[in-house]
Amino acid sequence: MASSRLERIGNIYSRVRGLLRSGAMKPEDKPIWYEVYEAFPPKVEPQYGRKASEITIHPIFYPEDIVRAKFYERFGSPGLISLANNEYPTPCQKFLDRYKEMEKDFSDENELFEAVAKVMEEEKSVPESVSSNQPDSGTSMASMFSSAVSKSQPQPKINVGDLLTEK
């Protein structure tokens, strides 16, 4: 038999409790959560066959979430962002701040987005659009690599013999 029905018989707490009582598990090896579970047991015992409760989950969307989604769709991800550093706002946050400033001047969201994008691109506060710096799907990996190498800075010619000679 390939599978076991043990997970259907009891929950993880009852199985660990059984291992501790029988001596198969040493008290110093018991999981960290075991004492927390004993101190604060759940109101409803977790069982395999129990049906999930029927509760309605309300969607949580903020108006700026739509603007953020459009921003990342158009400009892509800026790369690594340090969430610990609050001194410098992210490009997306700068965009949102400018969007909120200019919001009262426009009635259409698309026109507002385009106007903010244009202003931010002129200020060089956001990267160029993703569509302009993404390669087309017909481009091979080798050609992308060779174009990246050709765009890179030329490496200085170093002669190892010159480095080892004393002057």
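Conventions we followed
- Residues numbered from 1 in each chain as written.
- Predicted model: local features only at pLDDT ≥ 70, side-chain atom pairs only at ≥ 80, totals over all residues.
- Heavy atoms only, no water.
- UniProt positions renumbered as here; feature names shortened; annotations may be inferred.
- Patch = residues over 30% accessible without salt bridge, like charges linked within 9 Å, V, L, I, M, F, W, Y side chains within 5 Å.
- Areas by Shrake-Rupley, 256 points an atom, 1.4 Å probe, with all protein chains shown as cover.
- Salt bridge = Lys/Arg side-chain N within 4 Å of Asp/Glu carboxyl O.
- Lys, Arg positive; Asp, Glu negative; His and termini not counted.
- Charge placed at Lys NZ, Arg CZ, Asp CG, Glu CD.
- Helix = DSSP H or I, 4+ residues; strand = E, 2+ residues; numbered from the N terminus.
- Buried < 20%, exposed > 50% of the residue type's maximum accessible area, 1.4 Å probe, protein only.

- By the naming in an unreviewed UniProt entry, the protein goes by Small ribosomal subunit protein mS23 and is assigned to Daphnia magna.
- Taken directly from UniProt, the Sequence similarities (unreviewed entry) text for the protein runs: "Belongs to the mitochondrion-specific ribosomal protein mS23 family."

1. Let's talk about a negative patch on the surface
Part 1 of the reasoning: On the surface, Glu103, Asp108, Glu109 and Glu111 cluster together to form a negatively charged patch.
Part 2 of the reasoning: One can find Glu109 in helix 6 (residues 109–122).
Part 3 of the reasoning: For Glu109, a relative accessible area of 49% corresponds to the partly exposed category.

2. Observations regarding a nonpolar patch on the surface
Part 1 of the reasoning: On the surface, a cluster of nonpolar side chains totalling about 470 Å² of accessible area is made up of Ile158, Val160, Leu163 and Leu164.
Part 2 of the reasoning: The topology assignment puts Ile158 in the loop between helix 8 (141–151) and helix 9 (160–164).
Part 3 of the reasoning: With a relative accessible area of 59%, Ile158 lands in the exposed category.

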